Amino acid sequence: FETQKGRGMDKRCIVFYDSGSGGVNLFEKTRKAFPDENYIYYADEKYLPFGNKTEEELNAVFDRAIETINSFCPKLLVVACNTMSCCMQNRLGELPYKAIGVYPFLPKIEKTNKSSCGGQKVPKGLLLTTSATAKTDYTKRLLKGRGDVMLMPQKTLASDVERWRHGGKKPDISLNFEDLKFVPKFISLGCTHYGFLKKDIKKLFPKTKILSGETEAFRKIGFFLTTMATDDHNGVVCCLKS
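Small disclaimer: the values here were computed from a predicted structure and weren't measured.

Undergrad: Mind showing me how you'd approach the packing of helix α1 (residues 24-33) against helix α9 (residues 214-226) here?
TA: For any two helices packed against each other, the geometry comes down to the angle between their axes and how far apart the axes lie. Running from N to C, α1 and α9 point in directions that differ by 30°, and their axes come no closer than 11 Å. In the crossing of α1 with α9, the sense of the turn from one axis to the other is right-handed. Residues Asn25, Leu26, Lys29, Thr30 and Ala33 of α1 form the contact with α9, whose participating residues are Glu214, Ala217, Phe218, Ile221 and Leu225. Residues belonging to the contact of α1 with α9 are distributed by class as follows: 6 nonpolar, 2 polar and 2 charged.

So, in structure tokens, the structure goes:
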């Protein structure tokens, strides 16, 4: 670790961790914004998918992953998976280096006049998550008092997307909304894998805002990296699988 002109120059790597390719969009966005950094993208495919595992199982997977990640001596870990981020939120702060997770995101509650529906709350938005993410305390806190949001856990969507990205059939996202009784004002993608279907969702709901926690994660990454300057301009990228 060196210093120059009062600013840090830390050439250690940035690790992006996900069960598979879900974190690629955030990784590519970060790499383009900070091309001088050194990156490791770690796809823990041996334990894919994360979204159908119990919290106990996810803790065990994370323990194994951290042993590998620690060997890289990173300056920053980005857990580019909503499920793992939500389950490991408290543990991320205990690591000996900076760790940033990707978490489900909801917009602020809109103030509206009282409706003539007898006070019944009508959902305005959807939150799509994996089954495991839906059960976490983080998601429960996020949805507390949010009668304007319908939680829609997706049992196999993340796995379907991963198979598609490895040469399989593209999932038909329209089937996931067959029973929906309203047109949502927003849909929040609570899994980084779902981002690969953003255009398909937009075709189904042209006027619906598509949101995700990746925006806030990228803001945090950018804040950290702009305070940890480096003088390199030829960063190295390494991709690993378990």
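Back to the write-up after that little detour.
Undergrad: Honestly, the nonpolar core in this entry has me stumped. Any pointers?
TA: One broad rule of soluble globular proteins: the nonpolar side chains tend to lie buried together. One finds Phe16, Phe177 and Ile187 to be the most contacted residues of the largest nonpolar core, which totals 37 residues. At the level of elements, β3 (14-18), α1, β4 (39-43), β5 (76-79), β7 (125-130), α7 (157-165), β9 (186-190) and α9 are the ones that each hand at least two residues to this core. Among the elements that line this core, the one with the most residues is α9, at 4 residues. Not counting residues within four places of it along the chain, the set of residues in contact with Ile187 comprises Leu126, Leu128, Phe177, Ile201, Phe205, Thr208, Lys209, Ile210 and Leu211. Counting 27 residues, the second largest nonpolar core, distinct from the first, contains Val15, Cys81, Leu92 and Tyr138.

Undergrad: Explanation requested: the packing of aromatic side chains in the structure shown.
TA: Given two aromatic rings, one states the distance between the centres and the angle between the planes to describe the pair. Scanning the entire structure with this criterion turns up 9 aromatic pairs. Seen in terms of ring centroids, Phe16 and Tyr39 are 6.3 Å apart; in terms of plane orientation they differ by 50°. Their pairing is tilted. On the criterion of sequence distance, the pair formed by Phe16 in strand β3 and Tyr39 in strand β4 is long-range, its members being 23 residues apart. Here Phe16 falls in the buried class, since its relative accessible area comes to 0%. Tyr39 sits in the buried class, given a relative accessible area of 1%. The side chain of Lys29 reaches across the aromatic face of Phe218, ending 4.5 Å from its centre. Above the face of the Phe196 ring, Arg165 is positioned so that its terminal group lies 3.9 Å from the ring centre.

Definitions and cut-offs
Residues numbered from 1 in each chain as written. Predicted model: local features only at pLDDT ≥ 70, side-chain atom pairs only at ≥ 80, totals over all residues. Heavy atoms only, no water. Axes fitted to C-alpha atoms, helices over the stretch in contact; angles between N-to-C directions. Helix = DSSP H or I, 4+ residues; strand = E, 2+ residues; numbered from the N terminus. Left-handed = near helix turned anticlockwise from the far one by under 90°. Contact = heavy atoms within 4.5 Å. Nonpolar A, V, L, I, M, F, W, Y, C, P; charged D, E, K, R; others polar. Core = buried A, V, L, I, M, F, W, Y, C linked by side-chain atoms within 4.5 Å. Buried < 20%, exposed > 50% of the residue type's maximum accessible area, 1.4 Å probe, protein only. Phe/Tyr/Trp six-rings, centres within 6.5 Å; stacked < 30°, edge-to-face > 60°. Lys NZ or Arg CZ within 6 Å of the ring centre and 35° of its normal.

Nothing here speaks to function; it is all geometry.
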